[in-house]
Amino acid sequence: MDLFEYQGKQYFARFGIPVSPGGVADTVDEAVAAAEAAGYPVVVKAQVQVGGRGKAGGIKLANDADEVRLHAGNILGMDIRGHVVHRLWVEHASDIDEEYYASFTLDRAAKQHLLMLSAEGGVEIEAVAESNPDAIVKLHVNPVDGLSLEAARQAAVDAKLPERALDGAADILVKLYRCFTEGDCDLAEINPLILKPTGEVHALDAKVSLDSSAAFRHPEWEEFAATEVLDEREKLAKSKGLQYIGLDGSVGIIANGAGLAMSTLDVVNQVGGKAANFLDIGGGANADVMASALDVINHDENVRSILINIFGGITRGEEVAKGIVEALGRVQLRAPIVIRLDGTNAEEGRQILADAGIPAEQLRSEPTMLDAARAAVAIANGN
Ligand code: GDP
Ligand code: MN
């Protein structure tokens, strides 16, 4: 779950990371009130989950209430790379001497946490990685040992931060690491991390992505979930309790179990196709769940064929078949189905599908996952 900047800053503050005082605003009047509380000058910042807001005109400095009115009025409703601004964050403006970059992520291949630190902040880190990769210090952190203040300070030295920024930066890195680990983040990024003329180091932006698998131990995340940005397909899937991930291809995939769904995705790629999504109906899915899954897939305009891959264990073939028949009776599917049905009661399931008299151009059955993927990709690619 990705957080907005203002939520990321709230989260940072819990771990003692210094951020500027400010407030959220959904209207121009609220923006003025937030500015008065924060103290002028202020920055008015568009709250959208996309980078480069500054360049797009979504971040403006304001010295008084009139300027806040002007900028807030312009930014609210603005479209920033496909994201419409509904909310602002107004904070006390900072004086900046230098801008750095700092982030923690998980390096799965190394089985360690990864700190990335650079004295070249404020710009997209991908651009730095391309033009000047040596300017990014990468430090693996063993999760068992954690990150010591000494190691953090050394990373700041290696990244060529100036002497007067070292202590402040090291202190924030240790706190950011705690936020990343104890706070169960997939990503905790500060860009820019700034050095003020006073010598203080401070987080001017916040990009936080929370690991949804850890939500059970964070009841306080509920307020973040309330503002989570989901597309229509994701909303529908969530309301029906399905595990759904939207992708950009044209083959809609329904499988029982995340492992099988991922394998199906691989096989679709292997035979030259691209998945439009990834929908796991879980174990023991009944007819209703299957029908809901087809409903969700049907809302995806990019879907040109639907590949259903079921290897029944506790999921029973006849339930899957009943769900398909029910869905076909209820909605006009935008694309034909190719199904591979195997495992528990597969024979009964296939019989139900045959008895339903569904035309072959709407549904066909294939004996293996590979055959089914080939057929679905052929339809999606228009051959
Ligand atoms: P992003 O462009 O979406 O990543 O938004 P940021 O919050 O990182 O802000 C972009 C840039 O705006 C920063 O790199 C700063 O140069 C500038 N900026 C943001 N807040 C302030 C501020 O309080 N004071 C000053 N002087 N510049 C700011
Ligand atoms: Mn930024």
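Computed from a predicted model, the values in this text were never measured in an experiment. (Residues numbered from 1 in each chain as written. Chains lettered and ligands numbered in written order. Predicted model: local features only at pLDDT ≥ 70, side-chain atom pairs only at ≥ 80, totals over all residues. Heavy atoms only, no water.)

Engineer: How do you make sense of the pattern of salt bridges when you look at a structure like this?
Structural biologist: It is possible for side chains bearing opposite charge to pair when their charged atoms get close. Applying the stated criterion to the full structure yields 23 salt bridges. In this structure, Asp29 and Arg69 form a salt bridge, with 3.1 Å as the shortest nitrogen-oxygen distance. Of this pair, Asp29 sits in helix 2 (residues 28-38) while Arg69 is found in helix 3 (residues 65-75), placing the two residues 40 residues apart along the sequence. With a relative accessible area of 54%, Asp29 lands in the exposed category. Across the pair Glu228 and Lys238 runs a salt bridge, and its minimum N-O distance is 3.2 Å. Residue Glu228 is found in the loop between helix 7 (222-226) and helix 8 (232-239), and its partner Lys238 is found in helix 8; the two are separated by 10 residues along the sequence. (Salt bridge = Lys/Arg side-chain N within 4 Å of Asp/Glu carboxyl O. Helix = DSSP H or I, 4+ residues; strand = E, 2+ residues; numbered from the N terminus. Buried < 20%, exposed > 50% of the residue type's maximum accessible area, 1.4 Å probe, protein only.)

Engineer: Is there a simple way to explain helix 1 (residues 5-14) in this structure?
Structural biologist: The α-helix advances 3.6 residues per turn, and as a result positions three or four apart in sequence lie on the same side. When you tally the buried positions in helix 1, you get seven out of 10 residues, the bulk of the element. When we look at burial in helix 1, the residues that qualify are Glu5, Tyr6, Gln7, Gly8, Lys9, Tyr11 and Phe12. Positioned one or two residues after helix 1, Gly16 has a phi angle of 80°, which is positive.

Engineer: Would you explain the packing of aromatic side chains in this entry?
Structural biologist: Given two aromatic rings, their pairing is described by the distance between the two centres and the angle made by the two planes. Applying the stated criterion across every chain, the model contains five aromatic pairs. The interplanar angle of 15° and the centroid separation of 6.1 Å between the aromatic rings of Phe4 and Tyr6 together place this pair among those described as stacked. Counting every residue linked through ring pairs, the aromatic cluster contains Tyr11, Phe15 and Phe224. (Phe/Tyr/Trp six-rings, centres within 6.5 Å; stacked < 30°, edge-to-face > 60°.)

Engineer: Where do I start with the site of ligand 1 in this structure?
Structural biologist: Lys45, Arg53, Ile59, Ser94 and Glu99 are the nearest of the 15 residues found near ligand 1. Within the backbone of Ser94, an N or O atom sits 2.8 Å from a nitrogen atom of ligand 1. Here an oxygen atom of ligand 1 sits 3.1 Å away from a polar atom, N or O, in the side chain of Asp205. Protein contact buries 76% of the 560 Å² of open area that ligand 1 shows by itself. Looking at the shell around ligand 1, the elements with two or more residues in it are strand 2 (42-46) and strand 10 (185-195). Residue composition of the shell around ligand 1, by class: six nonpolar, five polar and four charged. A domain-level breakdown of the shell around ligand 1 finds at least three residues from each of domain 1 (21-92) and domain 2 (98-222). (Near = heavy atom within 4 Å. Polar contact = N/O pair within 3.5 Å; in protein donor to acceptor, adjacent residues only side chain to side chain. Areas by Shrake-Rupley, 256 points an atom, 1.4 Å probe, with all protein chains shown as cover. Nonpolar A, V, L, I, M, F, W, Y, C, P; charged D, E, K, R; others polar. Domains from an automatic or database assignment.)

Engineer: Please clarify how the coordination of the manganese ion (ligand 2) should be interpreted in this entry.
Structural biologist: Tetrahedral coordination by four donors places them ideally at 109.5 degrees to one another around the metal; octahedral coordination by six donors ideally gives 90 or 180 degrees. Only Asn191 (O) and Asp205 (OD) from the protein reach the manganese ion (ligand 2) as donors, at distances of 2.2 Å. Taken as a pair, Asn191 in strand 10 and Asp205 in the loop between strand 11 (201-203) and strand 12 (207-210) lie far apart in primary sequence, 14 residues in all. Take Asn191: its relative accessible area is 13%, and that puts it in the buried class. (Donors = N, O, S within 2.8 Å, 3.2 Å for Na, K, Ca; no water.)

Engineer: I tried to follow the domain arrangement of the protein on my own but got confused; where do I start?
Structural biologist: Often the size quoted for an interface is simply the accessible area lost on bringing the parts together. What the domain assignment lists for the protein is domain 1 (21-92), domain 2 (98-222) and domain 3 (232-380). Here the C-alpha centre of domain 3 lies 44 Å away from the C-alpha centre of domain 1.

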